[in-house]
Structures are given as structure tokens and as C-alpha cells.
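# An overview of the molecular structure
These are the residues of each chain, in order.
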Amino acid sequence: MKTTYKVTVGLEIHAELKTESKMFCDCINNPHHDEANTNICPVCTAQPGTLPVVNMTAVENVLKVGKALGSSLASFTEFDRKNYFYPDIPKAYQISQYQFPLVTGGELEGVAITRIHLEEDTARNLHDQTEGSVVDFNRAGVPLMELVTEPVIHDSKSAGKFAKELQLLLRTLGVSDANMEKGEMRVEANISISSSDELGTKVEVKNLNSFKSVELAIEYEIGRQSQLLESGSQIKQETRGWDEAKSRTFSQRVKETANDYRYFPDPDIPKYKLDSVEEFSNSRLNEKMPKLPNEIRAEWDLLEINRDITEVIIADKALTRLMTETLVELSNDKSMARLTANYVSSDVQGLLSAGNLLHDRASKTLANLIKMLSTNELNSRVGKDILSQVIVDGKDPKELVEELGLKQESSPEALLALAAEIISENEAVVAEYKAGKEPSLQFLVGQGMKKTKGAANPNVLRDVLVKEINK
Ligand SMILES: [Zn+2]
């Protein structure tokens, strides 16, 4: 009989922080700069005699993440040297944090957080066919946060969900773009299986650069490790890479003993009593916190906005802002909120992804459009037709409708002449309808909508047509 194994996963997630300058120097923080070795200086290339200066915005960013996760923020912190040699680490040590991380504890998606610390990113090794191996230092010294979870995840889906929610949180806080395919957020998974209550041997899988890869790699490892144990073999404690194309992990480095990085406090960097820094006081940090995804979800749930629609909107900063501000304009009216959510998640989203930008007044003009739609002053077809002018050009829908003669006509008297015209122009179709062919009526209504560019109220027009035909 096959044994059932208990799966245990812990995650280590690195995210490049979006600051103006690098972690310890004034260089522009742009690791994606096309031309190699442009954003560099003596500090981030480790020239002798240079001194690092801590980027306090990076510190603040990590504290904000901690706040959002309900963690404890450190009252004291220091930076340490993590010693190892590699061509992408010019000092032969990385400045990181060991004993006194900025953030400890907290929780996200039910997963307990161990710590978050701040360090510097490494340079990038490029293995070129013609030039051989070269190093690009644009990324060296970019502020990098490392978040470590407790080993409390027990399936691949939960791991993927955690990473996705963290990405959303980092984007909402504006601290990182966290694009996984650009390496702005990198996930490592520590995976072990065990048939007893004791944890099994831990295997670390690196370089997971999509949520799908996170899930697939964990599933692959559960399968591989189960097979090994079933066949009576031991699991080696090792670091494995992820082969995206073949959808499998492969051995990179077997760890006989734990790495000895000989951490020690960096003597060039002052230690900080963070609780006496005014900028980082509870009240100052609170002022800088935006509404978090879970707060938005709770508010929109109360407005009975469909959860799937909420997720589409909150995944995009511009849509979230438009939605939030429009709701304020509409005094959080429930029925109008749902209509707004439908427009924002579909038509507005479409306009933005086609490269359009929202006008400064977009929330006001969109709110006016929604009001006109909900009072039937405007039908939904016209609403969609003029949406771009309303939110991209910032035009007031009332004036626009006046200008274009698109006001919805709902009075039967006013639609009488139109109905007569349609009937006289479509004698054959009218005869079909009289003979019992129901869809013919829809065709006649459609003719009226065409003639009025969508301004006729189709329901009223239908009634008038029926009355006139049967007269
Ligand atoms: Zn620099």
C-alpha cells in the first residue's frame, strides 16, 4: 500500500524595491537599463575606501509591508555582512540583515510570516556566446526585501495563492512592481515530505518565476520525493533549479552542511534605534498606508459587488483608484456601485489596456454617466458608445448627449412618428410579424435603434410598435 506523506512547504520571496536610488548609493535604481554598467558608481562596484549610506525609503517600504501584514516592526536594527565569493558580488560579501531584521511575525492568506529583512541585490552575470561571461552591475545594490514564511503550507495551490496575494500587496503599497517574469519578485520553495510528525529532509527549489512554476515545482517535488521514499532511498538535502520547458526540477548543489556565511555587523553602517526615528513612528507610517486589498474586498462585499469582478479591479492600480473615487461620487449607492463595477472591470479595463489614459476628472464624469444610466436617461448601448469620451477626454455625459442628440427617448408620444416610419418602410417584415413570426418585431425595434443612434428606449419603442401594428 502506498504511504501518504505530509507535505510541508515554506517560502522565501525576494522583491526588488521601487526606490529612486539604490540601497547604499545615489545611483538610479533601474536594474532593467538596456545598456550594461550605466547605473553604477564606486560604492556599488565596491571600490576601496567607499562607504555605504542606507536608503531610508527602502527601510520605510519594508516597514510598510510589515504593517500591512500585522507584523512587529523592529525597534532596533543593524546590517550585517554575509560573506561569500561570487563574480556578481564585488565586495565578496552582501550587505544583508541577520540577527535584527526590520520585520518579524505577521500573517498573509493564513500563512505565518517569520521575518522580512532588507539587503542589496547582486549584479547580473551574462553568459554571452561571443564575449564569454560578463557582469552587468546595473542591478548591484538595488534594494531587495526578503520575506521568509514559516513552514506551514501543505499544498501547492496555497503556495501559489500566497505568492499572488503578496504580489498584489506589494503593488498596492507601491513598494515594488513585483513582476515575476522580470525578476522583480523571485520565489524559492523549501519542500519536504514526511510520514511521521517530524519534518522530512528539506529540498530548496530556486528560480521560480511564475505562480504556475511555483505550483508545478512543488507538485513535481512531492512526486519525486514520494517515489524516492517508496523505493527505500534517502532524500538528499539539496538546492534544485526549475526547468520551465521540461516542467521538472534538477539538482544544482548538494548541501553537506549548512552554509557558513560568517555573518557579522557591518562596521561601516550605523545601528538604528528605529523607534526613535520620527518618520517611522506608528502615526507617520499610518498616514502613508493606502487601503489594503482585504479592506477593499470587505467594503465592496458590503456593496454586493461580485468577488470575481472585485479581483479584476484590484489587480490594477488605475482601475482601483477610479472605482474607489467614483464610489465616493456616488455616495456608495449599492445599485449604482454594481453598475460601476461592471463598467470598470470590462469596458474601462478594455480602454486602458488599449493604451488610453484616464482623464483627471474621470471619476466625476463616470459617476455622472452611471447616474444617467441608472435613471434611464441613457441606455446602455449609448453609455458604452460614449464611455471613451467620458473617461479619457473627461467630457460631461450630459453635455455630450445634448450635443450628439443621444438622450434616451422614453415617451411613447415622441416615439409614435418613428414607429409609423418603421412600419411603412418595412411592410413585408410587419406582415411576417402579423403572421406570428415573433423575431420580426425585434428586427423592427433594431431599425428604430439604428435610426436614432441608440437613443430610443427599446422597451417603449417595442410597445408602441405592437400597438401601432395591431391598430
Ligand atoms: Zn552606485
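All values derive from a computational prediction rather than experimental measurement.

## What about the packing of helix H12 (residues 412–425) against helix H15 (residues 458–469)?
In contact at an axis separation of 9 Å, H12 and H15 are set at 60° when each is read in the N-to-C sense. Taken as axis vectors, H12 and H15 run oblique relative to one another. The two elements H12 and H15 meet at a crossing, and its hand is right-handed. Taken together, the residues of H15 that come into contact with H12 (itself represented by Pro412, Leu415, Leu416, Ala419, Ala420, Ile422 and Ile423) are Val460, Leu461, Asp463, Val464, Leu465, Glu468 and Ile469. For the contact of H12 with H15, the class distribution of residues is twelve nonpolar, no polar and two charged.

## A short note on the domain arrangement of the protein
Each assigned domain of the protein is listed here: domain 1 (6–274), domain 2 (293–404) and domain 3 (412–469). Each of domain 1 and domain 3 was reduced to a C-alpha centroid, and the two centroids are 66 Å apart.

## Here's the deal with helix H10 (residues 380–391)
With twelve residues, H10 should reach 16 Å at 1.5 Å per residue; the first-to-last C-alpha distance of 16 Å fits that figure. Residues of H10 that are buried: Val382, Gly383, Ile386, Val390 and Ile391. The arc that holds the buried residues of H10, viewed along the axis, is 130°, so those residues lie on one side. Close packing links the buried residues of H10 with helix H8 (334–353), helix H9 (362–374) and helix H11 (397–404).

## Here's the deal with the nonpolar core
By size, the foremost hydrophobic cluster in this structure holds 62 residues, and its most contacted members are Leu11, Val62, Val65, Leu102, Met145, Ala159 and Ala189. Ignoring anything within four residues of it in the chain, the contact list for Val65 reads Val103, Ile116, Met145, Leu170, Leu173 and Val175. Grouped together as the second largest cluster of nonpolar side chains are 36 residues, Ala337, Tyr343, Val348 and Leu415 included.

## Brief notes about the sheet that holds strand E4 (residues 80–83)
If you trace the three strands from one edge of the open sheet to the other, you get E5-E4-E16, paired in antiparallel fashion. Two strands in the sheet have a free side with no partner beyond their single neighbour: strand E5 (93–96) and strand E16 (264–265). In terms of strand pairing, E4 meets E5 through four bridges, oriented antiparallel. Its bridge partner being in E5, Asn83 is matched across the sheet by Tyr93.

## Focus: the environment of His359
Tracing the sequence through the fold places His359 in the loop between H8 and H9. Separated by 32 residues in sequence, His359 and Ile391 place their C-alpha atoms 5.8 Å apart.

## A look at unusual backbone geometry
Phi at Arg262 takes a positive value of approximately 45°, unusual for a residue other than glycine. Inspection of the secondary structure assignment puts Arg262 in the loop between strand E15 (248–254) and E16. C-beta crowding within 10 Å serves as the criterion here: with 11 such atoms nearby, Arg262 is assigned to the exposed category. One non-glycine residue, Glu304, adopts positive backbone phi at about 60°.

## Focus: helix H1 (residues 56–68)
Its 13 residues place the ends of H1 18 Å apart at the C-alpha level, agreeing with the 18 Å of an ideal helix rising 1.5 Å per residue. Across the 13 residues of H1, ten count as buried, placing the element largely inside the fold. Listed in full, the buried residues belonging to H1 are Ala58, Val59, Glu60, Asn61, Val62, Leu63, Lys64, Val65, Gly66 and Ala68. Residues of H1 that are buried make contact with strand E2 (72–73), strand E6 (103–104), strand E8 (111–120), strand E11 (143–149), helix H2 (156–173) and helix H4 (282–287). Looking at the residues trailing H1, positive phi occurs at Gly70, about 70°.

What counts, and where the lines are drawn
- Residues numbered from 1 in each chain as written.
- Predicted model: local features only at pLDDT ≥ 70, side-chain atom pairs only at ≥ 80, totals over all residues.
- Axes fitted to C-alpha atoms, helices over the stretch in contact; angles between N-to-C directions.
- Helix = DSSP H or I, 4+ residues; strand = E, 2+ residues; numbered from the N terminus.
- Parallel < 35°, antiparallel > 145°, perpendicular 65-115°, else oblique.
- Left-handed = near helix turned anticlockwise from the far one by under 90°.
- Contact = placed C-beta atoms within 7 Å.
- Nonpolar A, V, L, I, M, F, W, Y, C, P; charged D, E, K, R; others polar.
- Domains from an automatic or database assignment.
- Expected span 1.5 Å × (residues − 1).
- Buried ≥ 20, exposed ≤ 12 C-beta atoms within 10 Å, placed from the backbone.
- Arc of directions from axis to C-beta.
- Core = buried A, V, L, I, M, F, W, Y, C linked by C-beta atoms within 7 Å.
- Pairing = 2+ DSSP bridges.

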